[in-house]
Amino acid sequence: QVQLRESGGGLVQAGGSLRLSCVGSGRTFSRYAMGWFRQAPGKEREFVAVISWGGGGTYYADSVKGRFTISRDNAKNTVYLQMNSLKPEDTAVYYCNTVDYTDSTQVFDSWGQGTQVTVSS
C-alpha cells in the first residue's frame with residue numbers, strides 16, 4: 001500500500017488561494033495516477049481532479065475547472081493541488097489517493113486524514 005499524507009489546508013477568504021500537498025510513501029508512487037477528492041459536511045466524498053502517472057494527463061470536475069490545477073513531482077513522491085479563486089462551496093476536507101485514471105471511483109489505497117479547507121464569504 002501507499003501511505004498518504006495531505007497538508008496545506010487552512011482558512012481563506014473567498015477569492016483567495018491555497019496549495020495542497022500530498023506525500024506518498026510505500027509502493028512506487030510514480031507508477032500510479034493520483035487524484036484529489038473532497039468531502040463537505042453532510043455530503044459524500046466527491047472527485048476533484050486526477051493526474052496521470054507521468055503528469056501528462058489531467059482531468060477536473062466541472063465545479064473546479066479553470067480554478068484548480070493538479071500537478072505532481074515524482075522525485076518527491078508528491079502531488080499538488082493549486083486552488084485559486086476559492087469559493088465558500090469549496091469548503092471541505094480534501095483527500096488524495098491513488099486512482100484509476102479512467103475511472104475515478106476506483107481508488108487503490110486507504111484514505112489519509114485529509115486536510116481541511118475552509119473558505120469564508
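Residues numbered from 1 in each chain as written. Predicted model: local features only at pLDDT ≥ 70, side-chain atom pairs only at ≥ 80, totals over all residues. Heavy atoms only, no water.

1. Digging into the sheet that holds strand β7 (residues 68-73)
Then, in step 1: Spatially, the four strands line up as an open sheet ordered β1-β3-β8-β7, and their pairing is antiparallel. Here the strands that pair on one side only, and so sit at the sheet edges, are β1 (2-7) and β7. Strand-to-strand, the axes of this sheet are offset by a mean angle of 15°, without reference to chain direction. (Pairing = 2+ DSSP bridges. Helix = DSSP H or I, 4+ residues; strand = E, 2+ residues; numbered from the N terminus. Axes fitted to C-alpha atoms, helices over the stretch in contact; angles between N-to-C directions.)

2. Details of the environment of Tyr94
Then, in step 1: Considering the arrangement of structural elements, one finds Tyr94 in strand β9 (residues 92-100).
Then, in step 2: Along the sequence, Tyr94 and Ser17 sit 77 residues apart, while their C-alpha atoms lie 14 Å from each other.
Then, in step 3: Not counting the four nearest positions on each side in its chain, Tyr94 is found in contact with Glu6, Leu20, Trp36, Phe37, Arg38, Val48, Phe68, Leu81, Met83, Gly114, Thr115 and Val117.
Then, in step 4: Side-chain polar atoms of Tyr94 contact the backbone oxygen of Asp90, separated by 2.6 Å. (Contact = heavy atoms within 4.5 Å. Polar contact = N/O pair within 3.5 Å; in protein donor to acceptor, adjacent residues only side chain to side chain.)

3. Here we look at unusual backbone geometry
Then, in step 1: Notably, Asn77 is not glycine yet its phi reads approximately 50°, a positive angle.
Then, in step 2: Within the fold, Asn77 resides in the loop between β7 and β8 (78-83).
Then, in step 3: Unlike most non-glycine residues, Ser85 shows phi in positive territory, near 50°.
Then, in step 4: As for its placement among the helices and strands, Ser85 is situated in the loop between β8 and β9.

4. Quick look at the nonpolar core
Then, in step 1: Ranked by size, the top nonpolar core spans 32 residues in total, and within it Trp36, Val79, Leu81, Met83 and Tyr94 carry the most contacts.
Then, in step 2: Looking at this core, the elements with two or more residues in it are β1, β3 (18-26), β4 (33-39), β5 (46-51), β7, β8, β9 and β11 (115-120).
Then, in step 3: Of all the elements, β5 adds the most residues to this core, at five residues.
Then, in step 4: Dropping the residues within four chain positions of it, Val79 is found in contact with Leu20, Ser21, Cys22, Phe29, Met34, Trp36, Ile51, Ile70, Ser71, Arg72 and Cys96. (Core = buried A, V, L, I, M, F, W, Y, C linked by side-chain atoms within 4.5 Å. Buried < 20%, exposed > 50% of the residue type's maximum accessible area, 1.4 Å probe, protein only.)

Shape descriptors only; they carry no functional weight alone.
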